[in-house]
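Survey of secondary and tertiary structure
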Amino acid sequence: MRLPVLLAALVAVATCTETFFGHQVLRVVPQSNEELQKVQELQDLEHLQLDFWLAPRRLGLPVDIRVPFRSLQAVKAHLEASGVSYSIMIEDVQALLDEEQTEMLRSSRQRAVDTTTFNYEAYHTIDEIYNFMDMLVAENPNLVSKLEIGRSTENRPLYVLKFSTGGTNRPAIWIDTGIHSREWVTQASGVWFAKKIVQDHANNEGVASILETMDIFLEIVTNPDGFAYTHTKNRMWRKTRSRHAGAICVGVDPNRNWDAGFGDAGASGNSCSETYHGPYPNSEPEVKSIVDFVKSHGNIKAFVSIHSYSQLLLYPYGYTETPAPDEQELHELSAKAVAALSSLYGTKFKYGSIITTIYRASGSTVDWTYNQGIKYSFTFELRDTGRYGFLLPANQIVPTAQETWLALKVIMEHARDNIY
Amino acid sequence: DIDDVGHKYYLELELEDVLDKDRTVSCTAEVLYHLGSKTSAPDVQLTVQGELRSTEEADKEFYNRIRSLEKELVAENIPDSHGNVPPELEPIHLLAWVASGYVIWQNSTENTKFHLAQVKHVKQVKRNDEDLQFDFVLLLHEMVSQEVLPWEVTLLWHPQRGARVPQS
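Residues numbered from 1 in each chain as written. Chains lettered and ligands numbered in written order. Predicted model: local features only at pLDDT ≥ 70, side-chain atom pairs only at ≥ 80, totals over all residues. Heavy atoms only, no water.

Considerations on the interface of chain B and chain A
Between chain B and chain A, the contact holds 28 residues from the first and 28 residues from the second. For the pair chain B and chain A, the two sides together bury roughly 2300 Å², of which 57% comes from carbon and sulfur. Broken down residue by residue, the surface that chain B buries against chain A is led by B:Ser81, B:His82 and B:Gln146, which jointly contribute 24%. At the junction of chain B with chain A, the criterion picks out zero salt bridges. The interface formed by chain B and chain A includes seven residue pairs in polar contact (both at pLDDT 80 or more). The set of elements that each furnish at least two residues to the side of chain B that touches chain A consists of β4 (74–78), α2 (90–107), β5 (114–125), β6 (132–142) and β7 (148–158) of chain B. Take the side of chain B that touches chain A: its biggest share by element is six residues, from β5(B). (Contact = heavy atoms within 4.5 Å. Buried area = accessible area lost by both parts, 1.4 Å probe. Salt bridge = Lys/Arg side-chain N within 4 Å of Asp/Glu carboxyl O. Polar contact = N/O pair within 3.5 Å; in protein donor to acceptor, adjacent residues only side chain to side chain. Helix = DSSP H or I, 4+ residues; strand = E, 2+ residues; numbered from the N terminus.)

As structure tokens, then:
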């Protein structure tokens, strides 16, 4: 493809003097002579300093334009005012260039050979996490297995680790991390949880007793396309990477795509929004695969979806102010879980229903799971409260995972002791 | 509620010094959000009860270091993707926080919650007077919409005169 050649040329330029931070590459495919003319007009506006990677030629052929940061608003306004649709091919040219450079350094980085030498105090790429999963299964074949529950939009496998000491379709606990790809401390915590479950079982402590009667399912990279994107192009990417017909922008918020109050207030119908609910419930394979799994398993008793940041423990509902029927029990359980979390490092969490504690949100994961009858449905928002936000320093990964695990154990033990 | 004017909030706050966790200072504030006005910033009155730690030494050292740079300082992605901030850029990070405070104040309503997500880019601009000037591109995260929005803001700083955002 043309792209690598052009990027190589830019790398050469970039290493000299110019930087391309905030520059975006827009693609327009003119469908009419009017649209073609509007795009050609842009070529004459010298002050915008546009760089046409693919110049306008004729109808139906893509036009690729590198737009400097300060001209973005003007160009998008010019296109939108004439009804010319465009897509954002490259969100940040400089970030892409930087990544190309660091990728060359990274390929010489040492890969862990087992889950003992794996570095839990660092953030990892998707390949490193998938490799970790395979190592964990290989080291503990009688406890851990890897299930593929589906494929993402970009055809990445969606893997769930199953921790089980036997039985058939035992009552189960589900934990997912990384549904919003920029929330890096969550995927990192998921990796730590996986190792912790194995260790507890080996030492016959902690969750070993839970594993006697229940299974644990853990999906660490719930949004792999988004996660890969945060490593290569835009660290702040939240959504999936799907492109739906008629949508100007890429991606759907996977935490607004569930069939619970879908499309109601608390989500956006605009594809360019970070809370875009998507064209219909479960349009995202990342969501549909979990829905299918939950329904066919039929025996999940607790469902925990993990996000960051804000330091909150939340239970349904987000789409309505009507209290959940089990609100009192969930509220008391939350209090216990938060107390356990806090006991380790003093980290303070608030708790309550989604709508009263954080904001109205429709189509969210745990509203759907709760309405399916999974009483113990919780959402966590992990560290911090805004000082680093999504860019939580790696030295906080393990403390965050450790304290969160204490809260998770409270929830899991309660589910085990309160069969329904 | 103040009829025909807006909503006034009375706050009791405790400030924690991120560089000296044991140190807290109490303050009180009054915040008035104007009725209907989406383009005007809320009015803020703040009273600090107690003293803020003196940073005279560190301020002077940073000021002299920047003033003596031959090439103007340029930096990006603070913190980086992994949350790292090189120690020599930590003061820049802190000044970016100040600048973000101004932007957040100017753009807040009763339905927004902003945090500084990242300093995307910072460029020092040498001046003829004694102020340091930093041109920032900040990424602000808004909690309700979940948008991460870039904002350009210039900050002037002087060890004695403190920080200000010049009106353009």
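Next, the rest of the story.
A few points about the state of the cysteines
Residue and element names in this part refer to chain A. Tallying each qualifying case throughout the model produces one disulfide over all chains. Each disulfide pairs two cysteine sulfurs, and for Cys249 the partner residue is Cys272, the sulfurs being separated by 2.0 Å. Linking Cys249 and Cys272, the disulfide has an S-S dihedral of approximately 75 degrees and is accordingly described as right-handed. Pair noted here: Cys249 is in the loop between α8 (224–232) and α9 (285–297) and Cys272 is in the loop between α8 and α9, with a separation of 23 residues, a long-range link. (Disulfide = S-S within 2.5 Å.)

With respect to the pattern of salt bridges
Summed over the entire model, instances satisfying the criterion amount to 22 salt bridges over all chains. Here A:Glu321 makes a salt bridge to A:Arg360, at a shortest N to O gap of 3.9 Å. One end of the pair, A:Glu321, is in the loop between β10 (312–315) and α10 (327–345); the other, A:Arg360, is in the loop between α11 (354–357) and α12 (365–371), with 39 residues separating them in the sequence. On the accessibility criterion, A:Arg360 (37% relative accessible area) is partly exposed. Between B:Arg161 and B:Asp131 there is a salt bridge, and its shortest N-O distance comes to 3.2 Å. Linking B:Arg161 in the loop between β7 and β8 (162–164) with B:Asp131 in the loop between β5 and β6, this pair joins segments that are 30 residues apart in sequence. Residue classification places B:Asp131 among the buried residues on the basis of a relative accessible area of 4%. When salt bridges with common partners are traced through the structure, they connect A:Glu154, A:Arg156 and A:Asp225 into a single cluster. (Buried < 20%, exposed > 50% of the residue type's maximum accessible area, 1.4 Å probe, protein only.)

Section: the sheet that holds strand β8 (residues 215–219) of chain A
Residues and elements named next belong to chain A. The eight strands lie next to each other as β5-β6-β8-β7-β9-β12-β10-β11, forming an open sheet whose pairing is mixed. Looking at the sheet topology across the chains shown, the edges are occupied by β5 (144–151) and β11 (350–353). For this sheet, the mean angle separating the axes of adjacent strands, direction not counted, is 20 degrees. Sheet topology places β10 next to β11; four bridges connect them, and they run parallel. When the sheet's bridge partners are listed, Leu312 is paired in β11 with Lys350. Relative to strand β6 (residues 157–163), helix α5 (residues 126–139) is tilted by about 30 degrees, and along the sheet it contacts β5 and β6. (Pairing = 2+ DSSP bridges. Axes fitted to C-alpha atoms, helices over the stretch in contact; angles between N-to-C directions.)

Considerations on the domain arrangement of chain B
Residues and elements named next belong to chain B. When the domains of chain B are assigned, the result is domain 1 (1–53) and domain 2 (55–167). The distance between the C-alpha centroids of domain 1 and domain 2 comes to 21 Å. Contacts between the two partners involve eight residues from domain 1, matched on the other side by seven residues from domain 2. Among the residues of domain 1 in contact with domain 2, Tyr33, Ala41 and Arg53 are the three that bury the most area, contributing 50% of the side total. Counting the contacts that link domain 1 with domain 2 gives zero salt bridges. Put simply, domain 1 and domain 2 have three residue pairs in polar contact (both at pLDDT 80 or more) between them. When the residues that make up the side of domain 1 that touches domain 2 are grouped by side-chain class, the tally is six nonpolar, one polar and one charged. (Domains from an automatic or database assignment. Nonpolar A, V, L, I, M, F, W, Y, C, P; charged D, E, K, R; others polar.)

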